[in-house]
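# Analysis of the macromolecular model
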Amino acid sequence: MNGSVPKFLSASTIEKDKVEDLNGEDIGHIEELMIDLDFGTVAYAALSFKDKLFAVPWEALSLKEGEHRFVFHHDRSLLEDSEGFDKDNWPLSNERKWLTDVYSKYGFAPYWEK
């Protein structure tokens, strides 16, 4: 990749990639990418952390250059203080109110409001 961060990756390439916090410590991995079919964009990444899943806005993650891992650009306490969800009980994917709250928690405006 000539030392540059790729602009396009397949979802299957990203799934199971490790995620680290700002200190470089492993905190989990990307379980799934949830795609908003109305907008044709990643609605959120489902981050596996401490045996739960957490919806994380795509903007809260960045690819670590030269590695197959992502950096979570917030303190891990945001995850530790969150309810998360069970792998067998995902949130309803059509509830924008829930996703608005997720984006707000991480300090981002929802993409559908931009």
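Each remark here, short or long, concerns the structure printed above.
Quantities reported herein were computed from a predicted structural model and do not represent experimental measurements.

## Re the pattern of salt bridges
- Under the definition given, this model contains 13 salt bridges.
- The partner of Glu20 in a salt bridge is Lys64, and the shortest N-O contact between them spans 2.8 Å. With Glu20 in strand β1 (residues 18–20) and Lys64 in the loop between β5 (61–63) and β6 (69–72), this pair connects stretches of sequence that are 44 residues apart.
- The exposure class assigned to Glu20 is buried, which follows from its relative accessible area of 5%.
- The partner of Asp21 in a salt bridge is Arg76, with the nearest N and O atoms 3.1 Å apart. Of this pair, Asp21 sits in the loop between β1 and β2 (26–36) while Arg76 sits in the loop between β6 and α2 (77–80), and the two are 55 residues apart along the sequence.
- What makes Asp21 buried here is its relative accessible area of 4%.
- Ionic contacts of the salt-bridge type, sharing partners, join the residues Glu20, Asp26, Lys64, Glu67 and Arg69 into one network.

Procedures and definitions
- Residues numbered from 1 in each chain as written.
- Predicted model: local features only at pLDDT ≥ 70, side-chain atom pairs only at ≥ 80, totals over all residues.
- Heavy atoms only, no water.
- Salt bridge = Lys/Arg side-chain N within 4 Å of Asp/Glu carboxyl O.
- Helix = DSSP H or I, 4+ residues; strand = E, 2+ residues; numbered from the N terminus.
- Buried < 20%, exposed > 50% of the residue type's maximum accessible area, 1.4 Å probe, protein only.

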